[in-house]
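Listed below are the residues making up each chain.
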Amino acid sequence: MRHHLILRVVTKLLVGTIILFAFYVQFHGDFSPGGGFQAGVIMAVAFILYGVVFGLRHVQSVFPIWLVHKLVALGVLIYAGTGVWNMVLGYEFLHYGSFNPHHMSHGQHWGILAVEFGVGVTVTGVMVAIYYAFAARPPHIGDDDW
Amino acid sequence: MIETLINIALFAMLVFTALAIVRMDRLFAVVMLSGVFSLLSAMLFVTLDAVDVAFTEAAVGAGISTVLMLGTIALTARREKAPSHSSAVPLVVCVVTGAVLVYGTLDMPNFGDAKAPANLHVAPDYLHDSIEEIDVPNVVTSILASYRGYDTLGETAVVFTAGIGVLLILSGLRRRRRYLDEDEDT
């Protein structure tokens with residue numbers, strides 16, 4: 001899409017805002033609609049938009065394919081690891097109260113933050129990985145055939 | 001009153017969008033209309049006060065799946081093929097299934113019924129104890145991440161598995177083709 005000047009300028013302006021909004025949805029999910037899943041999708045949209053407009057090579061130099069594949073697994077590990085860490089501290093699996101035994105609801109806040117972060121990481125990784133898998137195959141249709 | 005009008009308008013637009021999707025054979029327009037369909041259903045979720053669901057529908061249905069469908073079209077074809085069979089049997093199947101589903105809703109409790117079984121089991125405990133036990137204003141988050149944390153772990157694992165599955169299918173095909181090319185070269 002070398003010739004779409006307006007798309008390129010608007011995309012450059014929007015990508016940063018979209019990533020910022022993804023972080024807002026991620027870490028503000030306790031207070032407003034949203035959470036890890038939505039934030040992960042929005043974060044992935046930022047990279048997919050960049051990839052659609054500027055090409056796969058450019059987005060993969062920012063967000064390389066090996067990193068995406070690691071993130072897919074890392075999120076699940078963060079989530080399950082939070083649960084296992086609760087067990088190490090002597091509570092049930094995913095009993096976040098163990099993070100702050102004197103003030104259970106503070107421990108809940110830390111636990112929710114951790115597992116939502118895990119969900120966000122996995123969803124970002126999966127969405128971007130699926131997009132990379134689709135976009136990496138040579139297309140049969142050119143830019144003007146649509 | 002206004003809410004009823006909004007609901008009628010949204011459902012009418014949903015039906016028109018679905019009919020347009022059925023009638024069209026240019027797949028690019030069909031993908032764009034399915035994005036419109038997702039946005040309309042997101043608005044319906046907002047009128048039902050399910051803002052978290054609306055958020056997800058707008059982001060996944062209108063955003064990601066539109067991009068993935070466009071990617072699929074780029075790999076396959078941009079026009080629908082003429083159907084090889086008559087569409088009478090699928091039409092009958094759809095109408096019968098739809099009628100059975102509508103018949104099934106007759107027994108369901110009304111929307112927002114406080115005596116509905118779903119509102120009597122654990123939901124009152126969650127709503128009553130959430131602020132004291134979890135102290136998070138958004139009850140949806142406290143149920144998803146804490147009360148039902150084990151379920152959400154399962155959902156995350158499902159997303160993980162889906163991603164791995166797509167990667168295996170798509171990249172596996174490419175590697176096999178490369179092997180074939182090398183075989184032809186040698």
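The preceding data block contains the structure.
Nothing here was measured: the structure is a model prediction, and the numbers come from that model.

Moving on, we get to the overall build of chain B. In terms of helices and strands, chain B carries eight helices and zero strands. Along chain B, helices (α) and strands (β) appear in the sequence α-α-α-α-α-α-α-α when read from the amino end. For chain B, the C-alpha radius of gyration of 22 Å lies well beyond 16 Å, the compact-globule estimate for 186 residues. C-alpha atoms of chain B, sized along the principal axes, occupy 70 × 40 × 25 Å. Taking all 186 residues of chain B together, 23% fall into the buried category. The contacts in chain B between residues at least 6 apart in sequence include a share of 48% that link residues at least 24 apart. When the accessible surface of chain B is summed, it comes to about 13000 Å², and 69% of that surface belongs to carbon and sulfur atoms. Separation of charge centres in chain B, based on 12 positive and 20 negative side chains, amounts to 17 Å.

A tally of helices and strands in chain A yields five helices and zero strands. Element order for chain A, N to C, with α for helix and β for strand: α-α-α-α-α. Taken over the C-alpha trace, chain A has a radius of gyration of 19 Å; the compact-globule value for 146 residues is 15 Å, which it surpasses by more than 25%. Its C-alpha atoms give chain A principal-axis dimensions of about 65 × 30 × 25 Å. Burial statistics for chain A: of 146 residues in total, 47% are counted as buried. Long-range contacts, defined as pairs at least 24 residues apart, comprise 57% of the intrachain contacts of chain A with a sequence gap of at least 6.

As for its placement among the helices and strands, Phe-111 of chain B is situated in the loop between α4 (88-105) and α5 (117-120). Between the C-alpha atoms of Phe-111 of chain B and Leu-48 of chain B, which are 63 residues apart in sequence, the distance is 9.4 Å.

Contacts between the two partners involve 49 residues from chain A, matched on the other side by 46 residues from chain B. Interface of chain A and chain B: buried area, both sides summed, is about 4100 Å²; carbon and sulfur atoms make up 75% of it. There are zero salt bridges connecting chain A and chain B. Inspection of the chain A/chain B interface yields 12 residue pairs in polar contact (both at pLDDT 80 or more). For the side of chain A that touches chain B, the elements supplying multiple residues, two or more each, are α1 (5-27), α2 (36-54), α4 (65-88) and α5 (104-135) of chain A. In terms of residue count, the dominant contributor to the side of chain A that touches chain B is α5 of chain A (16 residues).

It is generally the case that most residues other than glycine have a negative phi and that most peptide bonds are trans. Of note, Leu-94 of chain A is a non-glycine position whose phi angle comes to about 65°, a positive value. In this structure, Leu-94 of chain A sits in the loop between α4 and α5. We classify Leu-94 of chain A as buried; its relative accessible area is 9%. Unusually for a residue other than glycine, Asp-49 of chain B sits at a positive phi of about 65°. Note on placement: Asp-49 of chain B falls in the loop between α2 (27-47) and α3 (51-75).

In total, this model carries eight aromatic pairs over all chains according to the counting rule given. Taking 4.4 Å as the distance between ring centres and 25° as the angle between the ring planes, the aromatic pair formed by Phe-47 of chain A and Phe-63 of chain A counts as stacked. Of the two residues, Phe-47 of chain A is situated in helix α2 and Phe-63 of chain A in the loop between α3 (56-62) and α4; the sequence distance between them amounts to 16 residues. Phe-63 of chain A carries the same exposure label as Phe-47 of chain A, and that label is buried. With a centroid separation of 6.1 Å and an interplanar angle of 50°, the aromatic rings of Tyr-131 of chain A and Tyr-132 of chain A are classed as tilted. Both residues of the pair, Tyr-131 of chain A and Tyr-132 of chain A, count as buried. A network of ring pairs unites the aromatic residues Phe-21 and Tyr-24 of chain A together with Phe-55 of chain B as a single cluster.

Another point: a nonpolar patch on the surface. Residues and elements named next belong to chain A. Taken together, the side chains of Phe-23, Phe-27, Trp-110, Leu-113 and Phe-117 define a hydrophobic patch exposed on the protein surface, amounting to about 500 Å² of accessible area. Those elements that provide at least two residues to the nonpolar patch are α1 and α5. Here Leu-113 shows up in helix α5.

This brings us to the side chain of Thr-82 of chain A. Of note, Thr-82 of chain A is situated in helix α4. Aside from chain neighbours lying at most four places away, what touches Thr-82 of chain A is Tyr-96, Phe-99, Ala-114 and Val-115 of chain A.

Looking now at the environment of Leu-56 of chain A. Residue and element names in this part refer to chain A. With respect to the element layout, Leu-56 can be found in helix α3. Placed 49 residues apart in sequence, Leu-56 and Leu-7 show a C-alpha to C-alpha distance of 16 Å. With near-sequence residues (within four places) excluded, Leu-56 lies in contact with Gly-51, Tyr-131, Tyr-132, Ala-135 and Ala-136.

Thresholds applied
Starting from 1, residues in each chain are numbered consecutively following that chain's sequence as written. Chain labels run from A onward and ligand labels from 1 onward, assigned in the order the entries are written. Residues qualify for local features only when their pLDDT is at least 70, as the model is predicted, and side-chain atom pairs are given and counted only at 80 or more; totals for whole chains, interfaces and linings, by contrast, use all residues. Processing note: side-chain calculations cover all non-hydrogen atoms of the structure and skip hydrogens and water entirely. Secondary structure is summarised from DSSP: a helix means a run of H or I of at least four residues, a strand means a run of E of at least two, and numbering begins at the N terminus for each. Radius of gyration here uses only the C-alpha atoms, and the compact-globule reference equals 2.2 Å multiplied by the residue count raised to the power 0.38. A 1.4 Å probe rolled over the protein chains alone gives each residue an accessible area, and that area as a share of the maximum for its type sets the label: buried under 20%, exposed over 50%, partly exposed in between. Contact between two residues is taken to exist if any of their heavy atoms lie within 4.5 Å; hydrogens are not considered. Note on areas: Shrake-Rupley with a 1.4 Å probe; residue coverage comes only from the protein chains shown. His is not counted, nor are the chain ends, whereas Lys and Arg count as positive and Asp and Glu as negative. For the purpose of locating charges, the reference atoms are NZ of Lys, CZ of Arg, CG of Asp and CD of Glu. The term buried area refers to how much accessible surface (probe radius 1.4 Å) is lost by two components on association, counted for both of them together. Each reported salt bridge corresponds to a side-chain nitrogen of Lys or Arg within 4 Å of a carboxyl oxygen of Asp or Glu. Polar contacts here mean pairs of N or O atoms no more than 3.5 Å apart (in protein, one a potential hydrogen donor and the other a potential acceptor; neighbouring residues in sequence count only if both atoms are side-chain atoms). Aromatic pairing here means that ring centres of Phe, Tyr or Trp (its six-membered ring) are within 6.5 Å. Orientation follows from the plane angle: under 30 degrees is stacked, over 60 is edge-to-face, and everything else is tilted. Exposure above 30% relative accessible area and no salt bridge define the residues that can form patches, which grow by joining like charges within 9 Å and nonpolar side chains of Val, Leu, Ile, Met, Phe, Trp and Tyr within 5 Å.

Function cannot be inferred from these measures alone, as they are strictly geometric.
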